Amino acid sequence: MFLENESTTAYMCAFVKAHHMRTNLFKIYEDRLCEKLLLDEYDAIKSSIEQGADFFEKGAEADKVINSYLAGNVIARTAFNLNRLNNAVFLNTRQYINLASGLDVTGYEKGSLCRSVKIFDLDRYSMLKSKKEMLVKNEASTYPIAYIPCDLSCDNLAVNLIVKGFCSGEKAYFSMFGITQYLSHTEFESLLHSVSLLSCKGTALAFDYQSTQDKKINAIANGAGEEMKADYSDEYVFETLRKNGFRIYELMNSRDIEQTYFERYNQIYPEKKMKLQGDLNLVIAVKS
């Protein structure tokens, strides 16, 4: 996926996380490291959003556009992922695999996880190179990370991970957020099969999926050359998980997400309410 160019989506996701940390006293989650990541790029991205605000809503302020049309899904899945990752580590999981990681640094800040956790960060080479340079340049304090360049839609996931020290006989936490819509069903099934082959009993897979996409977000992604290939029904996701030996441990739908993560925030900031784009489902599946 996206082998040639930097990912517009990755930078936008990093921006909305940093924006959430910088502009709110009440935060839906805490991630100080993401706030440091875009020190040079932050202002340019915000300026671009301000200039294009009318595409989303005529006359709207930038903060409203960001929360109503760009940030909701990213903020929700990050809060979900951070909490469930911490739960997994508490239950003695010591391998954290961040698939299609982009500029995500959830759990990477020193002190966030116990020191015995191994982090494996997978994305295409250019994305990982940019990420490493940002972390070094901004003197962001992180754990040692195994960076693994690969294309998840076609590369051999098992070989890439095992070469870098992954142990399939130990429990792991696989994070796969913001990627399913960019995979065809065939690619999704292949990736899930690869994860299953690497997973022992008790390994967790955390991911999100949508059965319908927001039309404006879809148009932006397509315009950036990042085509959204597929929608996912509940039945399809559940059956694909079952075929690969995973059972659903937790599922949050859009209503659950809004009540859990946005309700209090929107009471405090009614002028810039956080909203989901399209529907969103957040899943924890466990290898049985």
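Coordinates for the structure precede this section.
Just so it is clear, the model here is predicted, and its values are computed rather than measured.

Quick look at the environment of tyrosine 42 now. In this structure, tyrosine 42 sits in helix α3 (residues 42-51). Tyrosine 42 sits 28 residues away from alanine 14 along the chain, and the two C-alpha atoms are 9.1 Å apart. Those residues in contact with tyrosine 42 that sit more than four places away from it in its chain are Phe15, Ala18, His19, Arg22 and Thr23.

Right, let's talk about the environment of leucine 282 for a bit. Structurally, leucine 282 is set in strand β7 (residues 281-287). The class of leucine 282 is buried, set by a relative accessible area of 0%. Between the C-alpha atom of leucine 282 and that of aspartate 208, which follows or precedes it by 74 residues, the distance is 4.6 Å. The contact partners of leucine 282, leaving out residues within four places of it in the chain, are Ala76, Arg77, Phe80, Phe177, Phe207, Asp208, Glu250, Leu251, Met252, Ile257 and Tyr261.

Reading across from one edge, β3-β2-β1-β4-β5-β7-β6 is the order of the 7 strands in this open sheet, with mixed pairing throughout. Among the strands making up the open sheet, the edge pair consists of β3 (145-149) and β6 (246-252). The sheet shows a mean angle of 20° between the axes of neighbouring strands, direction not considered. Both β6 and β7 contribute to a ladder of 6 bridges, which runs antiparallel. Bridge assignment links methionine 252 to a residue of β7, and that residue is leucine 282. The strands touched by helix α10 (residues 234-243) within the sheet are β5 (204-209), β6 and β7, with β5 carrying the most contacts at an inclination of about 160°. Strands in contact with helix α11 (residues 254-268) are β6 and β7; relative to β6, the strand with the most contacts, it is inclined by about 55°.

Scoring rules and cut-offs
Residues numbered from 1 in each chain as written. Predicted model: local features only at pLDDT ≥ 70, side-chain atom pairs only at ≥ 80, totals over all residues. Heavy atoms only, no water. Helix = DSSP H or I, 4+ residues; strand = E, 2+ residues; numbered from the N terminus. Contact = heavy atoms within 4.5 Å. Buried < 20%, exposed > 50% of the residue type's maximum accessible area, 1.4 Å probe, protein only. Pairing = 2+ DSSP bridges. Axes fitted to C-alpha atoms, helices over the stretch in contact; angles between N-to-C directions.

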